[in-house]
Amino acid sequence: MAGGTKRQKEMRKVLRALLPRVPMSDAEAILTIALAGHLRHLPPSIALWQATTSHVRHEHTDYDALLDDGYERDAARYFVVGEMNDLLRDWGCNREVQSEDSAAE
């Protein structure tokens, strides 16, 4: 994850501050999402938070299974928010996801 554009370097700096204990594989996946074109207009801190919540929701919770089972998006998000916040705390994050938070989907 060394080198890159000014935005990539800023993203890595913000990621280290936001998630100091995030595993490298998750950090790389989050950075990939945060650097995607649809988030380019956002400041690094906002793009990274949206990328983080999206990654955690889809890769570390039962969110997609709940959707597959017929739950509405908001209901599925409500059911996984606690699990998301537990993982974020494990990664050293001082911020919490609120059930109404939107994400980069």
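Up top is the structure these notes are about.
The rules we used
- In this numbering scheme, every chain counts its residues from 1 along its sequence in written order.
- In view of the model being predicted, local features appear only for residues whose pLDDT reaches at least 70, and side-chain atom pairs are presented and counted only at 80 or more, with totals across whole chains, interfaces and linings using the full set of residues.
- Computation of side-chain values: all heavy atoms of the structure, hydrogens and water removed.
- Helical segments are the DSSP runs of H or I of at least four residues, strand segments are the runs of E of at least two, and each set is numbered from the N terminus.
- Radius of gyration here uses only the C-alpha atoms, and the compact-globule reference equals 2.2 Å multiplied by the residue count raised to the power 0.38.
- Whether a residue is buried, partly exposed or exposed follows from its accessible area with a 1.4 Å probe, protein chains only, as a fraction of its type maximum: under 20%, in between, or over 50%, in that order.
- The criterion used for residue contact is that any of the two residues' heavy atoms lie within 4.5 Å.
- Only the protein chains shown count as cover for residues, with accessible areas throughout obtained via the Shrake-Rupley method and a probe of 1.4 Å.
- The positive count covers Lys and Arg only, the negative count covers Asp and Glu only, and His and the chain ends enter neither.
- Where a charge sits is defined by one atom per residue type, namely NZ (Lys), CZ (Arg), CG (Asp) or CD (Glu).
- Note on terminology: a nonpolar core comprises buried Ala, Val, Leu, Ile, Met, Phe, Trp, Tyr and Cys residues joined through side-chain atoms within 4.5 Å.
- The directions considered for the arc run from the helix axis to the C-beta atoms.

**Observations regarding the overall build of the chain**
Now for step 1: If you tally the helices and strands in the chain, you get five helices and zero strands.
Now for step 2: Going from the N terminus to the C terminus, the chain shows its helices and strands as α-α-α-α-α.
Now for step 3: Its C-alpha atoms give the chain a radius of gyration of 14 Å, within 12% of the compact-globule value 13 Å for 105 residues.
Now for step 4: For the chain, the spread of C-alpha atoms along the three principal axes comes to 45 × 30 × 20 Å.
Now for step 5: Here the chain, with 105 residues, has 42% of them falling under the buried criterion.
Now for step 6: Counting contacts in the chain only where the partners sit at least 6 residues apart, residues at least 24 apart contribute 58% of the total.
Now for step 7: Here the chain has roughly 6100 Å² of accessible surface; of this, 49% comes from carbon and sulfur atoms.
Now for step 8: In the chain, which carries 13 positive and 17 negative side-chain charges, the distance between the mean positions of the two groups comes to 15 Å.

**Here we look at the nonpolar core**
Now for step 1: Leu15, Leu19, Ile30, Leu48, Leu88 and Trp91 are the most contacted members of the largest nonpolar core, which has 28 residues in total.
Now for step 2: Sorting the residues of this core by element identifies α1 (6–18), α2 (24–34), α3 (44–60), α4 (63–68) and α5 (73–90) as the ones contributing at least two each.
Now for step 3: If we ignore the near neighbours within four places in the chain, the residues touching Leu15 are Pro20, Ala27, Ile30, Leu31 and Leu48.

**Concerning the side chain of His55**
Now for step 1: Looking at the secondary structure, you find His55 in helix α3.
Now for step 2: Setting aside residues up to four positions removed in sequence, His55 forms contacts with Asp26, Ala29, Ile30, Ile33, His60 and Trp91.

**Here's the deal with the environment of Lys6**
Now for step 1: Locating Lys6 in the fold gives a position in helix α1.
Now for step 2: For the pair Lys6 and Leu88, spaced 82 residues apart in the sequence, the C-alpha separation amounts to 26 Å.

**Structural notes on α2**
Residue pairs three or four apart in sequence face the same way in an α-helix, which turns once every 3.6 residues.
Now for step 1: Looking at α2, one finds that the buried residues are Asp26, Ala27, Ile30, Leu31 and Ala34. One face of α2 carries all of its buried residues, which in axial projection span an arc of 135°. Across α2 from its buried face, at more than 90 degrees, point the exposed residues Ser25 and Thr32.
Now for step 2: At its buried positions, α2 is contacted by α1 and α3.

Geometric descriptors of this kind do not, in isolation, establish any biological role.
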